[in-house]
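Survey of secondary and tertiary structure
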Amino acid sequence: MPTYQLSVNGESRTVNVSEDTPLLWVLRDHLDLVGTKYGCGIAQCGACTVHLDGQAVRSCSLTMASLEGKNITTIEGLSKDGEHPVQVAWKEVDVPQCGYCQAGQIMTASAFLANNSNPTEEEIKDAMHGNICRCASYTRIYKAVEIAATKIS
Ligand code: FES
Ligand code: FES
């Protein structure tokens, strides 16, 4: 098995996995970072979203062969104590219902706001539209992103 080195939540990690192993399973099964969820496995739901060098990506569809030396941030590494503005706004609005999709929602929202801290309603909806919530918490998600933006800007 090849060896891969990557930075995960600021720590250097080494894993021995086959080159076609999806990042999602490396995070969950090898590094015990289970906040990142499996939804569809085909890049269609956003449950598995993490940051790759600051950009929101679908970890179910990225294989280790493309990740050597990259910086990954998962929901566990977004902030130390849940104090990232997006997490604070999520709590204020009480966004989650079952919670399953929420790590992915937060990782998408935080990457989006890092590049656009003063978004319009349309831009928020556009940025979040690929993250599916089977509990349909979309109205609260949009509201929380709006509030998070005010905390960031
Ligand atoms: S599990 Fe990765 S997008 Fe659905
Ligand atoms: S809160 Fe249940 S899937 Fe989104």
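Please read these numbers as outputs of a predicted model, since none were measured by experiment. (Residues numbered from 1 in each chain as written. Chains lettered and ligands numbered in written order. Predicted model: local features only at pLDDT ≥ 70, side-chain atom pairs only at ≥ 80, totals over all residues. Heavy atoms only, no water.)

**Things to note about the domain arrangement of the protein chain**
Where interface size is given, it is often the accessible area lost as the parts come together that is meant. The condition that has to hold: Boundaries of every domain are those given by an automatic assignment or by a domain database. By definition, residues are in contact when any of their heavy atoms lie within 4.5 Å. When two parts are brought into contact, each loses some accessible area as probed by a 1.4 Å sphere; the total of that loss over both is the buried area. The term salt bridge refers to a pairing of a side-chain nitrogen on Lys or Arg with a carboxyl oxygen on Asp or Glu at a separation within 4 Å. Polar contact criterion, stated in full: a pair of N or O atoms within 3.5 Å, where within protein one must be able to donate a hydrogen and the other to accept it, and residues adjacent in sequence count only if both atoms are side-chain atoms. The way it works is that DSSP assigns letters per residue, a run of H or I at least four long becomes a helix, a run of E at least two long becomes a strand, and they are numbered from the N terminus. Gly falls in the polar group here, along with every residue not listed as nonpolar (Ala, Val, Leu, Ile, Met, Phe, Trp, Tyr, Cys, Pro) or charged (Asp, Glu, Lys, Arg).
Domain annotation for the protein chain reports domain 1 (3-77) and domain 2 (80-152). Spacing between the C-alpha centres of domain 1 and domain 2 amounts to 21 Å. With 17 residues of domain 1 at the contact, the number on the domain 2 side is 13 residues. Both sides together, the interface formed by domain 1 and domain 2 hides about 1,100 Å², and carbon and sulfur atoms give 57% of it. Broken down residue by residue, the surface that domain 1 buries against domain 2 is led by Thr49, His51 and Ile75, which jointly contribute 38%. One can count zero salt bridges joining domain 1 with domain 2. One can count six residue pairs in polar contact (both at pLDDT 80 or more) joining domain 1 with domain 2. Only β3 (49-52) and β4 (55-58) provide two or more residues apiece to the side of domain 1 that touches domain 2. Here the residues of the side of domain 1 that touches domain 2 sort into six nonpolar, nine polar and two charged.

**Digging into the pairing of β4**
How we decide: Strands pair, by our definition, only if DSSP identifies at least two bridges between them.
Examined bridge by bridge, β3 and β4 share four bridges and lie antiparallel to one another. Bridge pairing in β4 links Val50 to Val57. Between β3 and β4, which follow one another and run antiparallel, lie two residues, and Asp53 among them has a positive phi close to 50 degrees.

**Side note on helix α1 (residues 23-30)**
Quick reminder of the rule: Buried means the residue's accessible area, taken with a 1.4 Å probe over protein chains only, is under 20% of the maximum for its type, while exposed means over 50%, and partly exposed covers the values in between.
Here α1 has its buried residues at Leu23, Leu24, Val26 and Leu27. Phi for Asp32, located one or two positions after α1, is positive at around 60 degrees.

**Thoughts on the environment of Gly82**
Looking at where Gly82 falls in the secondary structure, it is placed in the loop between β5 (71-73) and α2 (85-93). What makes Gly82 buried here is its relative accessible area of 17%. For Gly82, the contacting residues outside a window of four places in its chain are Gln87, Val88 and Lys91.

**Remarks on α2**
Residue pairs spaced three or four apart in an α-helix point in one direction, given the helix's 3.6 residues per turn. As a reminder of what qualifies: The reported arc concerns the directions from the helix axis to the C-beta atoms and nothing else.
All buried positions along α2 are accounted for by Val86, Gln87, Ala89, Trp90 and Val93. With its buried residues spanning 160 degrees around the axis, α2 presents them on a single face. Elements that come into contact with the buried residues of α2 comprise α3 (102-115) and α5 (138-152).

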